[in-house]
Structures are given as structure tokens and as C-alpha cells.
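# A closer look at the structure
Residues per chain are reported as follows:
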Amino acid sequence: WPTGRPIISQGDVAVGRINRDDVAELLCALVAEPAALGKTVEAMSVPGYPKFRSLGKTFENLATDEELAAQGGTLSPAELQRQYDLLQQLLPGETGDAAALAMGQTYEQ
């Protein structure tokens, strides 16, 4: 998978891939990002897009694990739907087939 711009989300709704180099770069950036403290996220990448300059704004807008625990351990149904709808726009192909992301396997496989 080629390198690209990491896409950060919450709610376990992202389906995608991320290059190992992008993971390493992202983790190194998060160590120095105060806004990332206490937040669980998922990441995928969009190949060919420029890298982020700062993750501060992205992480400022995400819920902390403590906030999520107070609302049952996950995002509200409305927020989950918004995250899902937004991420669906990043699926490859005209049909937006999530199964096409895993080299011929379905998401469950």
C-alpha cells in the first residue's frame, strides 16, 4: 500500500489501509501532540495526498476515552452515523464497496 495522508477517526467505522511508514510517522507525531492524550483512534490513509502539518486541530475535536466512557463507551448513534457517512466517501471505486479494500477478501475475513 503506498504512503499517503493519514485519516483519523473514532467509533470503529473506518475500513481501509495504512502504510507502515505512515503508521510510524503518525505515532511519532502523536507522542508530541498534547491534544492526543487519553484518546483512542483508528487510522487509515489516502494515497497521494500531502502529509499533515499538524494533528492538533484534528485531535482537539475528538472525544477523550473518559468522555466516551461516560456515554456508554462509544460515540452517540448520530455521531457514529456522521463518521460512517464521511468515511464512506473515501472508499475506492464507483460503488464504494468496502469488501474491495482487503485484496479480494470481505471485511469479516
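We now turn to the structure provided with this report. The structure presented is a predicted model; accordingly, all values stated were derived computationally and were not measured.

### Considerations on the nonpolar core
Membership of the largest hydrophobic core is limited to 9 residues, which are Ile-8, Leu-26, Leu-30, Ala-35, Ala-36, Phe-52, Leu-55, Phe-59 and Leu-62. With near-sequence residues (within four places) excluded, Ile-8 lies in contact with Leu-26, Val-41, Glu-42, Ala-43, Thr-58, Phe-59 and Leu-62.

### Re the pattern of salt bridges
Summed over the entire model, instances satisfying the criterion amount to 3 salt bridges. For Asp-22, the salt bridge is made with Lys-51, and the minimal N-O distance between the two is 2.2 Å. Here Asp-22 is found in helix H1 (residues 20-31), whereas its partner Lys-51 is found in the loop between strand E2 (42-47) and helix H2 (56-60), with 29 residues between them in sequence. Residue classification places Asp-22 among the buried residues on the basis of a relative accessible area of 1%. Owing to a relative accessible area of 30%, Lys-51 belongs among the partly exposed residues under this scheme. Among the ionic pairs, Glu-25 bridges to Lys-51, the shortest N-O distance being 3.9 Å. Within this pair, whereas Glu-25 is found in helix H1, its partner Lys-51 is found in the loop between E2 and H2, the two being separated by 26 residues in sequence. Look at the salt bridges and you will find they share partners, linking Asp-22, Glu-25 and Lys-51 into a network.

### Thoughts on H1
For H1, which comprises 12 residues, the first-to-last C-alpha distance of 17 Å matches the rise-based estimate of 16 Å (1.5 Å per residue) to within 8%. Of the positions making up H1, those classed as buried are Asp-22, Leu-26 and Leu-30. Taken around the axis of H1, the buried residues stretch over an arc of 70°, which confines them to a single face. For H1, the exposed residues lying more than 90 degrees away from the buried face are Arg-20, Asp-21, Leu-27, Cys-28 and Val-31. Those residues of H1 that are buried lie in contact with strand E1 (4-9), E2 and H2.

### Considerations on the environment of Glu-42
Mapped onto the fold, Glu-42 is located in strand E2. Taking the relative accessible area as the measure of exposure, Glu-42 reaches 16% and is therefore buried. Within the local environment of Glu-42, its side chain forms a polar contact with the backbone nitrogen of Val-13, the two atoms lying 3.0 Å apart. Within polar-contact distance, the side chain of Glu-42 engages the backbone nitrogen of Ala-14 at 2.8 Å.

### Looking at the side chain of Asn-19
With respect to the helices and strands, Asn-19 occurs in the loop between E1 and H1. Exposure remark for Asn-19: the relative accessible area of 15% places this residue in the buried category. Filtering out sequence-adjacent residues up to four positions away, Asn-19 remains in contact with Trp-1, Pro-2, Thr-3 and Ser-45.

Thresholds, definitions, all that
Residues numbered from 1 in each chain as written. Predicted model: local features only at pLDDT ≥ 70, side-chain atom pairs only at ≥ 80, totals over all residues. Heavy atoms only, no water. Core = buried A, V, L, I, M, F, W, Y, C linked by side-chain atoms within 4.5 Å. Buried < 20%, exposed > 50% of the residue type's maximum accessible area, 1.4 Å probe, protein only. Contact = heavy atoms within 4.5 Å. Salt bridge = Lys/Arg side-chain N within 4 Å of Asp/Glu carboxyl O. Helix = DSSP H or I, 4+ residues; strand = E, 2+ residues; numbered from the N terminus. Expected span 1.5 Å × (residues − 1). Arc of directions from axis to C-beta. Polar contact = N/O pair within 3.5 Å; in protein donor to acceptor, adjacent residues only side chain to side chain.

By themselves, these figures tell us nothing about what the structure is for.
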